[in-house]
Amino acid sequence: MRTAFILCGALARETQAIIDRHGWAVDVYGIPAIDHMHPERIAPDVARKLRAIRDGHDRVLVVFGDCGSRGALDDLLAREGLARIDGPHCYEMYGGLLFDELMAEEPGTFFLTDFLVRGFRGTIWHGLGLDRYAQLREDYFHHYRRLVFMTQSGQPELLDKAQTIAAMLDLPLEVRHTGYGQLEARLVAWMASASLLEDDAPAAT
């Protein structure tokens, strides 16, 4: 059976690493991560991708949080009879209970992942217009009290970039190594369940 993941671009590198680690035969189709700046685009873009690839696959998993779509993505998947990975967003997928603990400890926490550190200038700095209107930094980040970098890889170059970002935002930096966290656990569980369903399917006659 052919399996496809339609995934958020912000999860692409990590999801591919998980696929490679487990040796799964999965076709991967990405949705641009910039949709997070325009979450009304998420469900329509997933729908277009699904129409393009569905006939060639027996099972499809959407690797996305709700990510600000306000339920539109789940409504789409309910109509299509598809599942998405559990979780509201990638911070929870990586951090699990740690994310809730950090938010309870300090609601004014700004989070980064490996993806956001790599693409900070394009995704956040440019996306928020701060490259053109630097004075908006105070408006956007006035209520934040700290920056938490939830790193999946712990790569030294990303830690250095996170320090630079913290200085740009004038926030103290905390680093928490989460690995792939619940993202990997949930993908493993879905693949195992899909395999069981395949094993239970009646043989063709």
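Residues numbered from 1 in each chain as written. Predicted model: local features only at pLDDT ≥ 70, side-chain atom pairs only at ≥ 80, totals over all residues. Heavy atoms only, no water.

Looking now at the sheet that holds strand E6 (residues 146–151). The parallel open sheet is built from three strands, whose spatial order is E5-E6-E7. Edge strands, defined here as strands with exactly one partner in the open sheet, are strand E5 (109–112) and strand E7 (173–177). Adjacent strand axes in the sheet meet at a mean angle of 25 degrees when their direction is disregarded. The pairing of E6 with E7 spans five bridges and is classified as parallel. The partner of Val148 across the bridge, within E7, is Glu174. Where helix H5 (residues 97–105) meets the sheet, it contacts E5, E6 and E7, and its direction lies at approximately 150 degrees from that of E5. (Pairing = 2+ DSSP bridges. Helix = DSSP H or I, 4+ residues; strand = E, 2+ residues; numbered from the N terminus. Axes fitted to C-alpha atoms, helices over the stretch in contact; angles between N-to-C directions. Contact = heavy atoms within 4.5 Å.)

With that settled, consider the nonpolar core. If you look at the biggest cluster of nonpolar residues, it comprises 38 residues, and the most contacted ones within it are Phe5, Val46, Val63, Phe64, Leu183 and Leu187. Residue assignment for this core shows that the elements contributing at least two residues are strand E1 (3–8), helix H1 (12–22), strand E2 (26–31), helix H2 (42–53), strand E3 (59–63), helix H3 (72–80), helix H4 (90–95) and helix H10 (181–200). Discounting chain neighbours no more than four positions away, the residues touching Phe5 are Thr15, Ile19, Val26, Asp27, Val28, Tyr29, Leu61, Val63, Leu187, Trp190 and Met191. Counting residues in hydrophobic clusters, the runner-up holds 18 residues, among them Leu116, Leu130, Ile165 and Leu171. (Core = buried A, V, L, I, M, F, W, Y, C linked by side-chain atoms within 4.5 Å. Buried < 20%, exposed > 50% of the residue type's maximum accessible area, 1.4 Å probe, protein only.)

Now for the sheet that holds E1. What the four strands build is an open sheet, ordered E2-E1-E3-E4; its pairing is parallel. One side of each edge strand has no neighbouring strand; the edge strands of this open sheet are E2 and strand E4 (83–84). In terms of strand pairing, E1 meets E2 through six bridges, oriented parallel. Note that in E2 the partner of Phe5 across the bridge is Val28. Of the strands in this sheet, E1, E2 and E3 touch H1, which is tilted by about 150 degrees from E1.

So, about the pattern of salt bridges. On inspection of all chains with the given rule, the structure shows eleven salt bridges. Of the charged contacts in the structure, one is a salt bridge between Arg176 and Glu174, with a shortest N-O distance of 3.3 Å. You can call Glu174 partly exposed: its relative accessible area is 27%. One salt-bridge network, held together by shared partners, links Glu105, Arg146, Glu174 and Arg176. (Salt bridge = Lys/Arg side-chain N within 4 Å of Asp/Glu carboxyl O.)

Remark: the centre distance and the inter-plane angle together describe each pair of aromatic rings, the angle taken between the planes. For the structure on display, the rule yields eight aromatic pairs. Ring centres of Phe110 and Tyr144 lie 5.2 Å apart, and the angle between their planes is 80 degrees; this geometry places the pair in the edge-to-face category. One end of the pair, Phe110, is in strand E5; the other, Tyr144, is in the loop between helix H8 (136–141) and E6, and 34 residues separate them in sequence. Residue classification places Phe110 among the buried positions, given a relative accessible area of 13%. Between Phe141 and Tyr144, the ring centres sit 5.7 Å apart and the planes meet at 45 degrees, which makes this aromatic pair tilted. What links up through ring pairs into an aromatic cluster is the set Tyr91, Phe99 and Phe111. (Phe/Tyr/Trp six-rings, centres within 6.5 Å; stacked < 30°, edge-to-face > 60°.)

Comment: phi is negative for the bulk of residues other than glycine, and the bulk of peptide bonds are trans. The residue Cys67 is not glycine, and still its phi comes out positive at about 55 degrees. Looking at where Cys67 falls in the secondary structure, it is placed in the loop between E3 and H3. Even without a glycine there, the phi angle at Asp170 is positive, about 55 degrees. Its place among the elements puts Asp170 in the loop between helix H9 (156–169) and E7. Residue classification places Asp170 among the exposed positions, given a relative accessible area of 61%.

Before going further, it helps to examine the confidence of the model for the chain. Regions with low pLDDT should not have their predicted coordinates read in detail. Averaged over the chain, the pLDDT score is 91; the fraction of residues at 70 or greater is 95%. Here H10 stands out as the element of the chain with the lowest mean pLDDT, 82, in contrast to E7, whose mean of 98 is the highest. (pLDDT = per-residue confidence, 0-100.)

Let us look at H1. In an α-helix, one turn spans 3.6 residues; hence positions three or four apart end up facing the same way. Of the residues making up H1, those classed as buried are Glu14, Thr15, Ile18 and Ile19. For H1, the buried positions fall inside an angular range of 140 degrees around the axis, keeping them on one side. In H1, the exposed positions that point more than 90 degrees away from the buried face belong to Arg13, Asp20 and Arg21. Two residues or fewer after H1 comes Gly23, characterised by a positive phi angle close to 70 degrees. (Arc of directions from axis to C-beta.)

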